[in-house]
Structures are given as C-alpha cells and as structure tokens.
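Overview (structure and organization)
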Amino acid sequence: SLSRASKFLINARGNALIELGMYEKALKLFETYLEAVEKESVEGNLAEMSVSHSNIGECYLRLGKPEEAEKHLKQGLELAEKGRHIKCQVFAYQYFLELAASQGRQEEAREYFGKGLKASWYAWGRDKDPERRVASMKRTVNHYGIALAA
C-alpha cells in the first residue's frame with residue numbers, strides 16, 4: 001500500500017509529465033498508481049481511482065487515442081458519481097468536453113461544458129479553483145469553435 005505522501009508525489013509527477021508533453025511516461029506512472037490503489041479497499045478509494053482513470057484518459061486523449069480515452073473517462077466519471085465526489089466529476093467532464101469537441105460532437109461538448117460548469121461551482125463555491133476550471137473549459141470551447149447557445 002502506498003503512503004499518502006507517495007500518492008501525492010506520483011500524481012504530482014504525472015501531472016508535471018503531462019505539462020511537459022511526456023504523455024507516455026505519465027500514462028505508465030498513472031497506470032502503476034491505479035494498480036496500487038485498486039489493491040486497497042475499493043470503497044475508500046473511489047476518489048483516487050476516479051482521478052487515476054481521468055488522468056489516464058487525459059493521457060490517451062493527448063496521445064490521439066480517443067477510444068481508450070473515452071473508456072477511462074467513463075470509468076472515472078462512474079466512480080466519481082458512485083462516491084459522490086463532485087470535484088472528480090469536474091475533471092472527467094472537462095476531458096469529456098475536450099474529447100467530444102475534438103471529434104466535432106458539438107451537442108455533446110455543450111452538454112459536458114454545462115455539467116462541468118455546474119459541478120465546478122457546486123464543488124468549489126466561490127474560491128479560485130472554479131474560475132480556473134471554468135476558464136480552462138471556456139478555452140476548449142473557443143479552441144474548437146463550439147457554439148454554447150443551441
């Protein structure tokens with residue numbers, strides 16, 4: 001079983017690798033992390049498993065493997081919903097938005113944008129993180145030219 005500090009460091013390193021564009025290395029790290037977390041008590045680790053699947057989904061999205069990305073994003077969202085982890089749902093919605101938008105699925109992208117926006121404000125209230133998440137989702141919408149009004 002990994003210590004809390006080890007888990008934090010693995011996730012931080014994986015996220016840094018994503019920022020550096022080193023998606024294959026990040027993917028391997030997140031997959032190793034997910035294996036370790038799955039060996040622990042499942043019910044107590046729904047949030048960690050959800051984030052792991054979302055991180056893996058993001059890696060696959062960046063590697064141009066949308067089917068694999070969607071599979072992991074679905075698993076991440078299901079775990080987040082099961083555990084009622086709103087913040088984890090936000091991450092999944094954010095990547096689902098990008099996945100749908102990148103494939104020209106505008107209606108679906110609008111739906112994920114709306115769900116992500118609502119969940120962001122619900123999860124974080126008025127602190128700075130929702131503003132950062134919302135700004136990130138808006139950049140994706142703008143980048144792909146998604147019209148928000150149907």
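Please read all numbers here as calculations on a predicted model, not as lab measurements. (Residues numbered from 1 in each chain as written. Predicted model: local features only at pLDDT ≥ 70, side-chain atom pairs only at ≥ 80, totals over all residues. Heavy atoms only, no water.)

1. A look at helix α4 (residues 66–83)
Here α4 is 18 residues long and its end C-alpha atoms lie 25 Å apart, about the 26 Å a rise of 1.5 Å per residue gives. The inward-facing, buried residues of α4 contact α3 (46–62) and α5 (86–102). Note on α4: the residue one or two positions beyond its end, R84, has a positive phi of about 55 degrees. (Helix = DSSP H or I, 4+ residues; strand = E, 2+ residues; numbered from the N terminus. Expected span 1.5 Å × (residues − 1). Contact = heavy atoms within 4.5 Å.)

2. Quick look at the packing of aromatic side chains
On inspection of all chains with the given rule, the structure shows 2 aromatic pairs. Each ring, one from F96 and one from Y112, has its centre 4.8 Å from the other, and the planes form 10 degrees; the classification is stacked. Of this pair, F96 sits in helix α5 while Y112 sits in helix α6 (residues 106–124), and the two are 16 residues apart along the sequence. Among the residues examined, F96 registers a relative accessible area of 2% and is labelled buried. Y112 sits in the buried class, given a relative accessible area of 12%. Through pairs of rings, three or more aromatic residues link up here, namely Y93, F96 and Y112. (Phe/Tyr/Trp six-rings, centres within 6.5 Å; stacked < 30°, edge-to-face > 60°. Buried < 20%, exposed > 50% of the residue type's maximum accessible area, 1.4 Å probe, protein only.)

Keep in mind that these numbers describe shape and distance, not what the molecule does.
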